[in-house]
Amino acid sequence: MKMNKLKKIGKIITVIMIFVLSLSACSADKNTTDSENIEKTLPQELLDSIDFEDQLENVDMKVIETMYGINEDQISSYNVLMSTGATAEEIAVFGINNKDDKEKVIDALKMRVEDQKSIMESYKPKEMDKLNKAIIESNDNYVILCITGDEDNAQKIIGKYF
C-alpha cells in the first residue's frame, strides 16, 4: 500500500514539474529570446508588415560609415536597409558593444535623421512627416532607427522587441 502511495505522489510531482517547466518556457523574457537575432528578425517583420513606398535595400559597412558616421568598432552587428532615395524610408538595426558606443550610435542616428530632413525639405517635402516621426529606440544590446509613413504599426512591432 505504501508503494502505491509513493507511485501516485511521484506521478503527481512529475505532472507538476512538467507544468511548471512549460510555464517557464512560455514566459521567457522576450528580449533574451528575440535579441539574439534582432538585427535579422525585426527588419524582416517590419518589411512584411508595413507597406513601404520605396524598395529598401541592404547596404554594406562602407555606406553605413558614410551615411551614419558609425564605424565597425562601435557595433557588434548590423542590418541596414535604405530606400533608393525616392523616399526617406529606412530601417537600421545595430548591435551595440557597450554603453558609450550605444550613446554614439544613438547620436549618429539622430544626426542621420536631421541630415535627411535638410535634404528632403526642398527635394521631397512630403517626406518631412516621416522624418519628424522617425523612431529611434534602444535596449541593452541594440539600437534601431525606423523611418516610415506607418509609424504607429512600426512602433507596435518594435515594441515587441524593445
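Residues numbered from 1 in each chain as written. Predicted model: local features only at pLDDT ≥ 70, side-chain atom pairs only at ≥ 80, totals over all residues. Heavy atoms only, no water.

Enquirer: Which residues make up the pattern of salt bridges, and what values go with them?
Expert: Using the criterion set out here, one finds 9 salt bridges in the structure. As a salt-bridge pair, K130 and E89 come within 3.4 Å of each other at their nearest N and O atoms. In this pair, K130 is assigned in helix α6 (residues 128-132) and E89 in the loop between β2 (75-82) and β3 (90-96), connecting sequence segments 41 residues apart. The same class applies to K130 as to E89, namely buried. In this structure, the salt-bridge partner of D129 is K133, at a minimum N-O distance of 3.6 Å. The class of D129 is partly exposed, set by a relative accessible area of 43%. Overlapping salt bridges, with partners in common, bring together E53, E89, K126, E127 and K130 in one network. (Salt bridge = Lys/Arg side-chain N within 4 Å of Asp/Glu carboxyl O. Helix = DSSP H or I, 4+ residues; strand = E, 2+ residues; numbered from the N terminus. Buried < 20%, exposed > 50% of the residue type's maximum accessible area, 1.4 Å probe, protein only.)

Enquirer: Would you mind going over the confidence of the model for the protein chain in detail, with residue names and values included?
Expert: The pLDDT averaged across the protein chain works out to 84; a share of 78% of its residues lies at or above 70. With pLDDT under 50 throughout, residues 19-35 is counted as low confidence; its partners more than four residues away or in other chains account for 12 contacts. (pLDDT = per-residue confidence, 0-100. Contact = heavy atoms within 4.5 Å.)

Enquirer: So, a negative patch on the surface: which residues are in play, and what are the values?
Expert: Together, D60, E65, E72 and D73 make up a region of like negative charge exposed at the surface. Within the secondary structure layout, D73 lies in the loop between α4 (61-68) and β2. (Patch = residues over 30% accessible without salt bridge, like charges linked within 9 Å, V, L, I, M, F, W, Y side chains within 5 Å. Areas by Shrake-Rupley, 256 points an atom, 1.4 Å probe, with all protein chains shown as cover. Lys, Arg positive; Asp, Glu negative; His and termini not counted. Charge placed at Lys NZ, Arg CZ, Asp CG, Glu CD.)

Enquirer: Give me the packing of aromatic side chains: which residues, what numbers.
Expert: Taken as a whole, this structure holds 1 aromatic pair when the rule is applied. Ring geometry for Y68 versus F94: centroids 5.7 Å apart, planes at 80 degrees, classification edge-to-face. Of this pair, Y68 sits in helix α4 while F94 sits in strand β3; the two residues are 26 residues apart in sequence, bridging distant segments of the chain. With respect to class, Y68 is no different from F94; both count as buried. In this structure, R112 packs its charged tip against the face of Y68, placed 5.6 Å from the ring centre. Across from the ring centre of Y123, 6.0 Å away, lies the NZ or CZ of K124, which sits over that ring. (Phe/Tyr/Trp six-rings, centres within 6.5 Å; stacked < 30°, edge-to-face > 60°. Lys NZ or Arg CZ within 6 Å of the ring centre and 35° of its normal.)

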